[in-house]
Amino acid sequence: MLLELSNDESRVLKDAVDSSLQTLLDEIARADQREHKEALHQRYDRLAALQRRLEPVVESEQVYA
């Protein structure tokens, strides 16, 4: 799938992902149940991968992510 974004949209999306990653780190630290903690880690890993893919797009101001 190809998603076309404006420069501003790319920055907003990256900011949202960054914020979500920080929130997930807090949730992971507070999670007691192993299964819940593992699910949060999986979500974190997926978002971190997305963050890495967005980084060069936002830095170079391309319109594709």
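Above this note sits the structure.
Structural notes, computed from the coordinates.

Digging into the environment of Asp18
Considering the arrangement of structural elements, one finds Asp18 in helix H1 (residues 7-30). It is 8.4 Å that separates the C-alpha atoms of Asp18 and Ala48, two residues lying 30 residues apart in sequence.

Overview of the packing of H1 against helix H2 (residues 34-60)
At a minimum axis distance of 9 Å, the contact between H1 and H2 shows a crossing angle of 155 degrees. Looking at the two axes, H1 sits roughly antiparallel to H2. In the packing of H1 onto H2, the handedness of the crossing is left-handed. Tallied by class, the residues present in the contact of H1 with H2 amount to 14 nonpolar, 4 polar and 7 charged.

What to know about the nonpolar core
Counting residues in each nonpolar core, the largest one holds 9 residues, listed as Val17, Leu21, Leu24, Ile28, Ala31, Leu40, Leu47, Ala48 and Leu54. When residues of this core are traced back to their parent elements, those giving at least two are H1 and H2. Look past the residues within four positions of Val17 in its chain and what remains in contact with it is Leu47, Leu50, Gln51 and Leu54.

Quick notes on the rules
Residues numbered from 1 in each chain as written. Predicted model: local features only at pLDDT ≥ 70, side-chain atom pairs only at ≥ 80, totals over all residues. Heavy atoms only, no water. Helix = DSSP H or I, 4+ residues; strand = E, 2+ residues; numbered from the N terminus. Axes fitted to C-alpha atoms, helices over the stretch in contact; angles between N-to-C directions. Parallel < 35°, antiparallel > 145°, perpendicular 65-115°, else oblique. Left-handed = near helix turned anticlockwise from the far one by under 90°. Nonpolar A, V, L, I, M, F, W, Y, C, P; charged D, E, K, R; others polar. Core = buried A, V, L, I, M, F, W, Y, C linked by side-chain atoms within 4.5 Å. Buried < 20%, exposed > 50% of the residue type's maximum accessible area, 1.4 Å probe, protein only. Contact = heavy atoms within 4.5 Å.

So far we have only geometry, and geometry alone does not tell us how the molecule works.
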